[in-house]
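# Tertiary structure, described
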Amino acid sequence: MVSELPTSSTQDDLPENPPCSRCNPFSHDPNVFIIPPKDRNPQVLQRWRRATLVLNAARRFRYVEDLKHRRRLRTSLHVLVAAGRLQNFVTPRTTVSPEELAYLLQKRNPYSLQTFGGIDGLAGLLGTSLHEGLTDDPVQIQKQQEKFGKNTYPRQPAKGLFSFFIDAFKDPTLVILMVCAGLALASGIKSHGIKEGWYDGASIAFAVILVVLVTAVSDYRQSLQFMSLNEKKKNILVNVVRGGRRIKVSIFELVVGDIVLLSIGDQVPADGIFVEGHSLSLDESSMTGESKPVHVNHKMPFLLSGCKVSEGYGKMLVTGVGMWTEWGQLMAHLGDELGEETPLQVRLNGVATFVGQLGLAVAVLVFVILFIFYFVGHKEGANNSGKFKAGHTPTTTVLSSVVDIFAIAVTIVVVAVPEGLPLAVTLSLAFAMKKMMVDKALVRRLSACETMGSSTAVCTDKTGTLTLNQMTVVRTWVAGEFRDVEGNGLSNDVRSLLLEGIAQNCTAEINAPIEGKELEVIGSPTEKAVLIWGLKLGLNLGFIKSLSEVLQVETFNSTKKKAGVAVRDAVSGCVRVHWKGAPEIILEKSDMVLCPDNSKEPLTASRRQELSNAIDGMGAHSLRCVAFGYLDLEDSNVPTDEEQIDEWILPDGPLTLIAIVGMKDPCRPGVPEAVRKCQAAGVVVRMITGDNLATAKAIAAECNILQYGIALEGETFRGYTDEMRKQEVPKITVMARSSPSDKLLMVRTLRELGEVVAVTGDGTNDAPALREADIGLSMGIQGTEVAKESSDIIILDDDFASVVKMVRWGRSIYRNIQKFIQFQLTVNVAALTINFIAAVSVGDVPLTAVQLLWVNLIMDTLGALALATEPPTDDLLLRPPVGRKEPLISNVMIRNILVQAFYQVIVLLILQFRGTQILKVKEPRVNTTIIFNAFVLCQLFNEVNARKPEEWNIFKGLFTNKLFVGILCGTLLLQVIIVEFLNKFASTVTLTWQQWFICAAIGFLSWPISLVGKLIPVPKRPLWGSCERRRDHSIAEIGAP
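Residues numbered from 1 in each chain as written. Predicted model: local features only at pLDDT ≥ 70, side-chain atom pairs only at ≥ 80, totals over all residues. Heavy atoms only, no water.

## Structural notes on the pairing of strand β17 (residues 590–594)
Using the following cut-off: At least two DSSP bridges between two strands are required for those strands to pair. The secondary structure listing takes helices from DSSP runs of H or I that are at least 4 residues long and strands from runs of E that are at least 2 residues long, numbered from the N terminus.
Direction of pairing for β17 relative to strand β20 (residues 655–664): parallel, over a ladder of three bridges. Directly across from Val 593, in β20, lies its bridge partner Leu 657. Pairing geometry for β17 and strand β18 (residues 600–602), over three bridges, is antiparallel. When the bridges of β18 are listed, Met 592 appears paired with Pro 602.

In structure tokens form, the structure reads like this:
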């Protein structure tokens, strides 16, 4: 507006916080800038004056971006806003642009809001109502999105398949093999012509490309899966008012003009203006870096997207979404983090490095031996070119032979390096995460999947996790005596007082009933139960609220365990404070009790004990108790100034006790069995709740938690010394009347004792415990956004039975990785041993580079896909938890690896040295083909062995895993094609059915040999763990200064 611009064009004179138009004496004087002209056309001068106003406004905002580098909106935005203000001076405002709204939130100047006519005027410009919200009409929602944008931001482009193909090609060993393929191709063409000489080089190149392609496709699919799960994590449900009804919508469906309801722990989903609320404070550290809470009220009404509600509740009018907010721009630049490396992957990388170094040493020895043997005439050259003769063998033949030797050595490295181990973890995690979504668990951090398999303790909440979170008031004590839920016999005065306390001190709301549907109450389970009880007492929520004005509110939190509200009667002007909360706290603060005739009588010691016994009695029947009390205030004790009221701490005593109610929240049907499974699996379940001790013990007994151990209150627990606490914690299974700090203390103590702790939580105050625990489990329905962001896994259905499923999946991941390690290391040991012994003894290796690459493909990608995706079984819950430092390679695995590798090496070396005589074949290539075929079939049969490293029945559940059976059949089919039809490519010959039978029999024998091997006892002390510790200790000594 013109009123905001001074008469001088000097930039220093521009006011930072201009007064509103009503305070400016020049705001309605159109001649304020008129200077006597020197015979100039008035219209021309008027245009110059308007241009000057716009230019001065542009200068005023020119350096905003430099001063506040976090602001990314362009300077042109400020010019548009200034021009809009000028236009508003000339004609009344009828619309508003997203640029103006973005600037309003950027400046956060309360005076600027007056430009739009205040909050009411802005709501009118946005086509919404502060009370009813937008109409729940898809057409209007779409129009809002078209005009002001969607609440999304552009994602960083996902890596394409080609990028993964390039990444897979960066493996140094594969690059060297491609170089060898090029040299072999050139040498072969020069020696034998293009018609016959291209086979060797092209075969190696094709095999490398096949390995790279399969790896790239696998990695690409996993990345898509992780991106899909990331999108689900970002899809927050937001409470909004549309058409006068409170509903939940996806954060991505939020539009400008929506009325959003905020409560403690929520994330602000968009930029907006404060409409109404009490004690609303925001944590803006994610945007400004300041940890101090920012109080939001009508004087400072701006809310920034991405901030967290740390206290209070309120309503906000959405003014900016998506890229029109700072949060949207920040998230668009950050992109998604998909490169998390889990602890198990780190450990496997160590195993892969160790095995790879061993393979490299063998490859170097093989190359040196074959190189010497060739030049001393002890080994045939490449492509049957004969032995080397100095001065007679052509240079091209020598080069081709050396390249062939080098390619074999490099291929041994390729086979020896178990790069499939990290791939197996990725596949197993991706498979588990996808299946866990079906089991109502959304994984936020990959490492949590693994850690759940090691969990030895679960600290769980009661309400909503062990119970259904469907509270109903079933027992009431009102005005001195127990009464029925409908409150029959209550006097009108007592009823009115009680209904005032219920209506004004309640965060639940009533949705207007839709035709054909019942009345709907929205809010937390406790608040809903109280409000529904009020409706049974005859509550008319809107009417009761209109009889008094709310002055100040103290919201409920798990530390205070009570909530209060101060109201002023609309008729008498008297101020009354209503409190509700934990009955022992309200009872302790009370010195009077309300009588049936609305009189008061002192709360004597005997009467107090009587009420305390009544509370314990309700608790013993698994009822959650809530008490109501009030006190009247003298006018002298009530602040009159608005600022003082905002900072007013409500007095909480002495109170007059009105009522105590007991609410029933039934135990979830599957919880007792889930707790029993946890206990059988070696996982101790502890219940930590804010309810009183009697209620906690009753629910714990119903859920099988209190079969052993002790129950105590949080106050007792925090009063222990550190040593006493460590002695008592193993015995504790129930902690009642606990605070968030008690839960955090419990988690820390358990971890100090060496336990792997999982913790459930739903409130903002649970965030420290969720972060401190090894696995933080937040609730998807009742959990706040702060709790969810602090957790590792979100339980989407809030059901404790889902925790048991996650334990099972965690153990399954670990066991599947161990199965794959056993399978792959068997191949590694057998292939390295066979090639090394053959090279040293006869100067040749039985398996060519292409054949070894095919074996590498079988054991790395296809083997990982088959074994890493085995579904979990209930047998996993009969095992003890996986220890933190349990070695990846157990003694049982070492035994199985050595037994199978020894069998394969003996059989294949016999075929290598005596195969032609035993099998009575004249062509050496037939013998090498049988060796190759038998070796591959041994791996396929051994893959079945690897499914059950310790069990006798290796076929249990085999045919229920269709993916495993499909990979086995597909690998066998490809092996037949390679042997029978790709002779040139794989250096094989066609085999007869008798020879195929011999190869199959050799592979089949690995099954009975596996059974015999399981009879061999193994020591209890881990062999691999000892090796790892010695190796780590040696490294530490070497690295020590």
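Moving on, there is more to tell.
## Let's talk about the side chain of Thr 128
The test is simple: A 3.5 Å cut-off defines polar contacts: any pair of N or O atoms within that distance qualifies, except that in protein one atom must be a possible hydrogen donor and the other a possible acceptor, and neighbouring residues in sequence count only when both atoms are side-chain atoms. Contacts are assigned to residue pairs that have any heavy atoms within 4.5 Å of one another.
Tracing the backbone shows Thr 128 in the loop between α5 (118–125) and α6 (138–148). Only 3.3 Å separates the side chain of Thr 128 from the backbone nitrogen of Leu 134, close enough to count as a polar contact. The contacts of Thr 128, once residues within four sequence positions are left out, are Ala 123, Gly 133, Leu 134, Gly 257 and Leu 317.

## Some words on the packing of aromatic side chains
In plain terms, the rule: The criterion for an aromatic pair is that two Phe, Tyr or Trp rings (for Trp, the six-membered ring) have centres within 6.5 Å, with stacked assigned to planes under 30 degrees apart, edge-to-face to planes over 60 apart and tilted to the rest. A 1.4 Å probe rolled over the protein chains alone gives each residue an accessible area, and that area as a share of the maximum for its type sets the label: buried under 20%, exposed over 50%, partly exposed in between.
Using the criterion set out here, one finds seven aromatic pairs in the structure. Summarising the aromatic geometry, the rings of Phe 941 and Trp 1007 are spaced 4.9 Å apart at their centres and angled 70 degrees between planes, so their arrangement reads as edge-to-face. Of this pair, Phe 941 sits in helix α32 (residues 924–947) while Trp 1007 sits in helix α36 (residues 1006–1013), and the two are 66 residues apart along the sequence. Note on Phe 941: relative accessible area 17%, which makes it buried.

## Observations concerning unusual backbone geometry
Here Gly 653 and Pro 654 are connected by a cis peptide whose omega angle stands at -5 degrees. Within the secondary structure, Pro 654 is located in the loop between α21 (642–646) and β20. One non-glycine residue, Asn 704, adopts positive backbone phi at about 70 degrees. Considering the arrangement of structural elements, one finds Asn 704 in the loop between α23 (693–702) and β22 (710–713).

## Details of the UniProt feature "transmembrane region" (unreviewed entry) in the protein chain
Under the convention used in this document: UniProt positions are given in the numbering used here, feature names are shortened, and annotations may be inferred rather than shown by experiment.
Annotation from UniProt places "transmembrane region" (unreviewed entry) at residues 201–220, 354–376, 405–432, 820–842, 888–913, 963–983 and 995–1016. As a span, residues 354–376 carries 96% helix and 0% strand, and end to end its C-alpha atoms are 34 Å apart. Spanning residues 888–913, this segment combines 88% helix with 0% strand, and its end C-alpha atoms are found 36 Å apart.

## Observations regarding a nonpolar patch on the surface
Which entries qualify depends on this criterion: Each patch is assembled from residues with relative accessible area greater than 30% and no salt bridge, linking like charges that lie within 9 Å and nonpolar side chains (Val, Leu, Ile, Met, Phe, Trp, Tyr) that lie within 5 Å. The Shrake-Rupley method, run with a 1.4 Å probe, gives the accessible areas here. Residue values count only the displayed protein chains as cover. Salt bridges are counted wherever a side-chain nitrogen of Lys or Arg sits within 4 Å of a carboxyl oxygen of Asp or Glu.
On the surface, a cluster of nonpolar side chains totalling about 580 Å² of accessible area is made up of Leu 360, Val 364, Val 368, Phe 371, Ile 372, Phe 375 and Val 376. Along the chain, Val 364 falls in helix α12 (residues 343–375).

## Quick look at helix α22 (residues 671–680)
To keep things clear, this is the line we draw: Arc definition: directions from the helix axis to the C-beta atoms.
Those residues of α22 that sit buried are Val 671, Ala 674, Val 675 and Cys 678. Burial along α22 is one-sided: seen end-on, the buried residues are contained in an arc of 100 degrees. In the stretch just after α22, Gly 682 is the one whose phi turns positive, near 85 degrees.

## With respect to α6
Among the residues making up α6, those that are buried are Gln 140, Ile 141, Gln 144, Gln 145 and Phe 148. For α6, the arc enclosing every buried residue in end-on projection is 140 degrees, short of the 170-degree limit, so these residues lie on one face. More than 90 degrees from the buried face of α6, the exposed residues found are Pro 138, Lys 143 and Glu 146. Buried residues along α6 sit in contact with α4 (98–107) and β1 (237–242).

## A closer look at the pairing of strand β24 (residues 757–761)
If a strand is regular, its side chains alternate between the two faces of the sheet. Quick note on the threshold: Looking down the strands as they point away from you, a crossover is right-handed if its path from the first strand over the helix to the second goes clockwise.
By the criterion of burial, β24 is predominantly enclosed, with five of the five residues buried. Of the two faces of β24, both are covered, the one formed by Val 757, Val 759 and Gly 761 as well as the one formed by Ala 758 and Thr 760. Bridge count for strand β9 (residues 457–460) against β24 is three bridges, and the pairing is parallel. By the bridge assignment, Val 458 is partnered in β24 with Ala 758. With four bridges connecting them, β24 and strand β25 (residues 775–779) associate as parallel partners. What sits directly across from Gly 761, in β25, is Ser 778. Running through helix α27 (residues 767–772), the crossover from β24 to the neighbouring parallel element β25 is right-handed.

## Description of the pattern of salt bridges
Between side chains of opposite charge, a pair can form when the charged atoms approach closely. Within this structure, the stated rule accounts for 33 salt bridges. Among the ionic pairs, Glu 789 bridges to Lys 308, the shortest N-O distance being 3.3 Å. Of this pair, Glu 789 sits in helix α28 (residues 785–790) while Lys 308 sits in strand β7 (residues 308–320), placing them 481 residues apart in sequence. Owing to a relative accessible area of 34%, Glu 789 belongs among the partly exposed residues under this scheme.

## Regarding the confidence of the model for the protein chain
The cut-off we apply is this: Summary of the metric used: pLDDT quantifies the predictor's per-residue confidence within the range 0 to 100.
Across the protein chain, the average pLDDT comes to 80, with 80% of residues at or above 70. pLDDT under 50 marks residues 1–40. Its contacts with residues more than four places away, or in other chains, come to 53 contacts.

## Some remarks on a negative patch on the surface
Convention followed: We treat Lys and Arg as the positive residues and Asp and Glu as the negative residues; His and chain ends play no part in the count. For charged residues, the charge sits on one atom: NZ in Lys, CZ in Arg, CG in Asp, CD in Glu.
A cluster of acidic residues, Asp 641, Glu 642, Asp 646 and Glu 647, forms a negative patch on the protein surface. One can find Glu 642 in helix α21.

## Points about the sheet that holds strand β8 (residues 441–443)
Here is the rule: Only the stretch in contact is used when a helix axis is fitted, and all axes are lines through C-alpha atoms; the angle between N-to-C directions ranges over 0 to 180 degrees.
Read from one edge to the other, the open sheet built from eight strands follows the order β8-β26-β25-β24-β9-β21-β23-β22, with strand pairing classed as mixed. Because the sheet does not close on itself, it has two edges, and the strands there are β8 and β22. Neighbour-to-neighbour, the strand axes of this sheet turn through a mean angle of 20 degrees, independent of strand direction. For β25 and strand β26 (residues 793–795), the ladder comprises three bridges, and the chain directions are parallel. In the strand pairing of β26, Met 779 is matched with Ile 795.

## Looking at the side chain of Gln 144
Locating Gln 144 in the fold gives a position in helix α6. For Gln 144, a relative accessible area of 9% puts it in the buried group. Of the polar contacts made by the side chain of Gln 144, one reaches the backbone oxygen of Val 256; its length is 2.5 Å. Ignoring sequence-local partners within four residues, the contact set of Gln 144 consists of Leu 126, Leu 134, Gly 149, Val 255, Val 256 and Gly 257.

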